[in-house]
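Summary of structural features
The chain contents come next:
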Amino acid sequence: MAVVFRNHFEWYVAPKNLWKMDYDKLYRIWKALYSKSGKSFEDFEREIGSYEEFCGKRWGIEVLNENTASHFLAHLFKCRYSADELRLLRTMARDDKKIDYTPSLYIDFDRNIMCSMFPKPENFENFVPDGWSGRYGDFSAMIPADKRF
């Protein structure tokens, strides 16, 4: 994931569900899907957990935005990589794992922009916080030249 925060660019490799920015939106969609499938709310909470438990998996951060980014990124400190490190990791990875090192998400906390290149049906753009711009598409031109790999 490509991240801009306080005019600083970083790469992160971390579980993708952590990056679905608005957990309330995500939780409501999962709840609706369970309901449509005929499962009960009790089944849903047993499998997914209560809303508080669900958010607890992301350190209690309900909405990942410019106000919570510092707290969130502090938890992912060990998940930061330089472009050189990612280039090396991708080179060394087995062919079936190289995709794990392909840029797939761009979040600019300074400008409230999120752009996803995750394969469908991930739809990260549906989970941006209110007031943010989220879209699906190529963001490679937004990556500083010295940070590309």
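As shown above, the structure is provided for reference.
The numbering scheme is per chain: residues are counted from 1 as the chain's sequence reads. It should be noted that, the model being predicted, local features are given only for residues of pLDDT at least 70 and side-chain atom pairs only at 80 or more, the latter also being counted only at that level, while totals for whole chains, interfaces and linings use all residues. Neither water nor hydrogens contribute to the side-chain values; these are computed over all heavy atoms in the structure.

1. Describing the overall build of the protein chain
The helix count covers DSSP runs of H or I at least four residues long, the strand count covers runs of E at least two residues long, and both are numbered beginning at the N terminus. What the protein chain contains, in helices and strands, is 5 helices and 6 strands. Helices (α) and strands (β) of the protein chain occur, in sequence order from the N terminus, as β-β-α-α-α-α-β-α-β-β-β. A compact globule built from 149 residues should have a C-alpha radius of gyration of about 15 Å, and the protein chain, at 16 Å, falls within 12% of that. Dimensions of the protein chain along its principal axes, counting C-alpha atoms only, are 50 × 35 × 30 Å. Put simply, the protein chain has 149 residues, and 42% of those count as buried. Any two residues whose heavy atoms approach within 4.5 Å at even a single point are treated as in contact. Intrachain contacts of the protein chain at a sequence separation of at least 6 include 56% that bridge at least 24 residues. Asp and Glu are treated as the negative residues and Lys and Arg as the positive ones, with His and the ends of the chain left uncounted. Taken as the charge location is NZ of Lys, CZ of Arg, CG of Asp or CD of Glu. For the protein chain, the centre of its 23 positive side-chain charges and the centre of its 23 negative side-chain charges are spaced 4 Å apart. Note on method: radius of gyration uses C-alpha positions; expected globular size equals 2.2 Å times residues raised to 0.38. When a residue's accessible area, from a 1.4 Å probe over protein chains only, is under 20% of the maximum for its type it is buried; when over 50% it is exposed; and in between it is partly exposed.

2. So, the side chain of Glu125
Inspection of the secondary structure assignment puts Glu125 in the loop between β5 (113-116) and β6 (133-136). Not counting chain neighbours up to four residues away, the residues in contact with Glu125 comprise Met114, Ser116, Lys120, Gly134, Arg135 and Tyr136.

3. Some thoughts on the sheet that holds β5
If you walk across this open sheet you meet the 6 strands as β3-β2-β1-β4-β5-β6, and the pairing is mixed. Where the open sheet ends on each side, the last strands, each with one partner, are β3 (80-81) and β6. For two strands to be treated as a pair, DSSP must find no fewer than two bridges joining them.

4. Thoughts on the environment of Asp96
Here Asp96 is to be found in the loop between α5 (83-92) and β4 (105-108). Residues Asp96 and Ser133 lie 37 residues apart in sequence; the distance between their C-alpha atoms is 32 Å. Polar contacts here mean pairs of N or O atoms no more than 3.5 Å apart (in protein, one a potential hydrogen donor and the other a potential acceptor; neighbouring residues in sequence count only if both atoms are side-chain atoms). A distance of 3.0 Å separates the side chain of Asp96 from the side chain of Arg94, its partner in a polar contact.

5. Side note on the packing of aromatic side chains
Pairing of aromatic rings covers Phe, Tyr and Trp, the last through its six-membered ring, and needs centres within 6.5 Å; plane angles under 30 degrees mean stacked, over 60 mean edge-to-face, and all others mean tilted. The final tally for this structure, using the stated rule, is 16 aromatic pairs. Considering the side-chain rings of Phe5 and Phe109, the 5.9 Å spacing of their centres and the 85° angle between planes classify their relative orientation as edge-to-face. Here Phe109 lies in the loop between β4 and β5 and Phe5 lies in strand β1 (residues 2-5), a separation of 104 residues in the sequence. You can call Phe109 buried: its relative accessible area is 2%.

6. Points about the pattern of salt bridges
Between Lys or Arg on one side and Asp or Glu on the other, a salt bridge is scored when a side-chain nitrogen of the former is within 4 Å of a carboxyl oxygen of the latter. If you walk through the whole model with that rule in mind, you get 10 salt bridges. Linking Glu10 and Arg80 is a salt bridge whose minimum nitrogen-to-oxygen distance equals 3.8 Å. Highlighted residues: Glu10 in strand β2 (residues 8-12) and Arg80 in strand β3, separated in sequence by 70 residues. Exposure remark for Arg80: the relative accessible area of 34% places this residue in the partly exposed category. Among the ionic pairs, Asp84 bridges to Arg87, the shortest N-O distance being 2.6 Å. Taken as a pair, Asp84 and Arg87 lie in helix α5 at a separation of 3 residues, close to a single helical turn.

7. What about the nonpolar core?
Throughout this description, the term nonpolar core refers to a set of buried Ala, Val, Leu, Ile, Met, Phe, Trp, Tyr and Cys residues connected via side-chain atoms within 4.5 Å. Among the nonpolar cores identified, the biggest contains 33 residues, and Trp19, Leu73 and Phe109 are the most heavily contacted of them. Among the elements of the structure, β1, α1 (23-36), α2 (41-48), α3 (51-56), α4 (69-75) and β4 are those that each provide at least two residues to this core. At 4 residues, the largest contribution of residues to this core is made by α1. Ignoring sequence-local partners within four residues, the contact set of Phe109 consists of Val3, Val4, Phe5, Met21, Leu64, Asn65, Glu66, Ala69, Leu73 and Trp132. Leu86, Ala93, Cys115 and Phe139 belong to the second largest nonpolar core, which has 12 residues in total.

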